[in-house]
Amino acid sequence: MSTTPLLQTTDLGLKIPGRCLLEELNWQIHAGEMWALIGRNGSGKTTLLHTLAGLRKPCCGHIELAQQQQLLKLELLSRKQIALRLALLQQHVSHSFEATVLQMVLSGRHPHLGLWQRETAADYQLARAALVAMDLADMEQRIVSSLSGGESRRLAFATMLVQETKLLLLDEPSNHLDLGHQVLIMEKLQELVFKQQHGALIAIHDLNLAARYCSHVLMLFGDGRYLAGPLDDVLSSARLSELYQHPIEQMIWDQGSYFSPGPTTPR
Amino acid sequence: MSRFQPITILSSLGVLCFLSLLVALKVGSVAVSWNDLWLIISAAENPWKDLVLQLRLPRALAAFATGGMLALAGCLMQVLLRNPLADPYIMGISGGAACAALSAMLLGLAASLIPVAAFIGAMASMLLVFALARGDGPWSSTRMLLSGVVLAAGWGALISLILALGPDNSLRGMLFWLMGDLSNASVPSVVWVAFPGLFLIAMLRARSLNILSLGEVTAAALGENTNRLSWLIYLLASILTAMAVAIAGSIGFVGLIIPHAMRLIIGSDHRLLLPAAVMAGASFLTLADTLARTVVNPLQLPVGIITALTGVPLFLYLLYRAKLQS
């Protein structure tokens with residue numbers, strides 16, 4: 001593709017003590033692409049997301065982030081510049097003091113505001129709209145720690161929406177969500193990516209959500225190997241069985257593929 | 001969160017500050033009438049002028065500044081360590097100050113040098129924690145907390161040693177210092193510049209404090225340079241605590257209880273919390289010190305006893321009420 005990617009990695013390597021998770025990742029994400037990031041537990045999905053967000057240093061290679069059609073090395077950008085371009089939805093967010101839902105969602109505006117600036121009416125409008133979109137409209141004044149698992153997940157998603165970045169990195173966004181809300185956030189992501197030309201990389205364990213909503217797949221094997229490409233080229237029962245080291249069966253039906261774990265084969 | 005508007009709470013606290021200072025000037029071994037007090041404030045001649053302006057005013061202002069600084073330092077430390085049990089003394093700053101101040105008393109240095117010794121001790125302790133916790137670079141609140149707490153325990157042992165070695169006639173002075181005492185306190189003019197300056201810096205980063213209390217990773221993902229911010233907060237809190245301890249010894253509970261009480265009343269947005277805590281801490285300590293020098297008149301109690309005896313039930317009441325509301 002000739003357009004500038006939103007983010008690009010060159011020979012990126014990830015290590016945790018005693019193990020090499022990923023070697024020589026050469027990967028690009030463009031506007032309008034929705035990537036599923038799949039792999040077993042501990043295969044480096046979160047590590048990769050945090051590395052791409054500049055929260056940890058890669059062991060080798062480098063990451064470049066687009067800034068006005070130009071690619072700039074991530075380590076040359078300030079935290080604030082990065083936060084204006086990419087948002088990270090973490091797996092867990094801790095709250096040490098009691099903030100309200102509205103305060104929490106407004107924290108997404110932090111990188112947009114200067115030292116002396118307060119949130120404007122427009123910021124509040126944006127925050128409230130995100131709460132409405134995430135079905136949290138009547139919870140503005142609730143204390144964050146009193147929310148259920150699924151509600152705080154949607155709150156984190158709303159906070160990410162408010163950050164208004166071109167690139168979205170999501171670590172298991174559908175965790176704790178009921179089926180209706182899983183579809184809600186995946187459809188919201190589709191709207192952002194395909195209609196508004198954002199880019200998203202989504203670590204996800206639910207293959208069927210991935211197959212139904214994503215356009216591309218990045219598979220991490222956890223031993224240095226990876227596989228990246230358009231969804232239909234990458235997702236197959238043979239590959240998935242190898243990835244999860246468990247037989248995965250693929251069923252084709254009129255709306256696409258359905259993946260289901262097969263019975264454990266006796267060794 | 002309470003039912004009151006933040007602006008109502010902040011302006012009530014402002015009024016409280018003013019009233020607490022007035023009460024501190026009026027009440028004492030000799031009760032000055034409101035009329036006399038008004039004459040003195042409006043610079044007229046009055047028989048009580050010296051008593052009010054030379055004796056009560058410096059002490060009231062010392063309590064006011066110390067309380068404000070301790071409350072602010074407490075807020076900062078609680079965010080920095082993301083631990084509600086954190087107070088300004090948790091990292092051993094008061095211990096370092098106490099060791100230096102008690103040593104100065106042991107050596108028989110002039111009383112005017114004790115605050116200087118305390119300030120130097122506090123800064124030395126701060127630098128020691130800084131060096132120990134820094135390690136290979138990145139900020140770690142766990143390592144920081146552990147180094148600080150262990151160092152504080154070490155200072156505690158040294159304080160016991162000094163008390164054991166000290167001559168009997170200096171023990172009373174040492175114990176008063178350790179409990180926090182304002183009887184001979186005054187505020188050097190540098191504090192009146194430094195305190196507002198540090199408060200202003202803290203206010204500039206108040207939104208960042210909100211973000212940091214969500215955790216380091218979240219704060220970094222939202223565009224904060226958490227390393228730099230953490231060291232800045234540590235530096236601010238340490239200098240504030242060192243100044244407070246140098247003025248008044250280690251007064252307990254103000255730095256722990258006032259920030260929590262204000263969180264319960266005004267919420268956890270630091271743009272409101274910081275000014276609220278400063279005003280509440282300042283008026284609380286001013287009133288507590290007024291009580292300390294009047295309650296068993298003509299004896300004077302160390303103000304630390306009053307802050308503990310009034311602060312604990314007050315805080316437990318607020319906590320109980322907050323639980324009922326939620």
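Here, the structure is the one placed above.
Reading guide: rules and limits
Residues numbered from 1 in each chain as written. Chains lettered and ligands numbered in written order. Predicted model: local features only at pLDDT ≥ 70, side-chain atom pairs only at ≥ 80, totals over all residues. Heavy atoms only, no water. Contact = heavy atoms within 4.5 Å. Buried area = accessible area lost by both parts, 1.4 Å probe. Salt bridge = Lys/Arg side-chain N within 4 Å of Asp/Glu carboxyl O. Polar contact = N/O pair within 3.5 Å; in protein donor to acceptor, adjacent residues only side chain to side chain. Helix = DSSP H or I, 4+ residues; strand = E, 2+ residues; numbered from the N terminus. Nonpolar A, V, L, I, M, F, W, Y, C, P; charged D, E, K, R; others polar. 1 Å grid on protein atoms, 1.4 Å probe; cavity = no way out; pocket = protein on both sides within 12 Å on 5 of 7 lines; lining within 4 Å. Points joined across faces, edges and corners; volume = space filled by probe spheres on them.

Just to check I follow, could you spell out the interface of chain A and chain B for this structure?
Quite often, the size of an interface is put as the accessible area lost when its parts meet. Counting residues at the interface gives 29 residues for chain A and 24 residues for chain B. With both sides pooled, the region where chain A packs onto chain B buries about 2300 Å², and carbon together with sulfur makes up 59% of that total. For the salt bridge of Glu 119 of chain A with Arg 271 of chain B, the shortest nitrogen-to-oxygen distance reads 3.0 Å. Our enumeration of links across chain A and chain B arrives at 8 residue pairs in polar contact (both at pLDDT 80 or more). Looking at the side of chain A that touches chain B, the elements that each hand over two or more residues are α2 (79–85) and α3 (101–106) of chain A. Element by element, the count of residues in the side of chain A that touches chain B is highest for α2 of chain A, at 3 residues. For the side of chain A that touches chain B, the class distribution of residues is 11 nonpolar, 13 polar and 5 charged.

How should empty space enclosed by the protein be read in this particular structure?
Regions of empty space are outlined by a rolling probe, equal in size to a water molecule, passed over the atoms. As enumerated under the stated definition, the model contains 2 cavities of 30 Å³ or more in all. Empty space within the largest cavity amounts to approximately 160 Å³. In terms of lining residues, the largest cavity is bounded by 14 residues, among which Leu 88, Leu 89, Ala 156 and Thr 159 of chain A together with Thr 218 of chain B are the most central. Elements with a minimum of two residues in the lining of the largest cavity: β6 (86–89) and α5 (149–162) of chain A together with α10 (216–221) of chain B. When residues of the lining of the largest cavity are assigned to their parent elements, the largest contribution, 3 residues, is made by α5 of chain A. Classifying every residue of the lining of the largest cavity gives 9 nonpolar, 5 polar and no charged. Put simply, the second largest cavity is a space of about 30 Å³. Around the second largest cavity, the lining residues are Leu 70, Asp 87, Pro 88, Tyr 89, Ile 251, Gly 252, Phe 253, Val 254, Gly 255 and Leu 256 of chain B. Among the elements that take part in the lining of the second largest cavity, helix α12 (residues 254–266) of chain B stands out by supplying 3 residues, more than any other.

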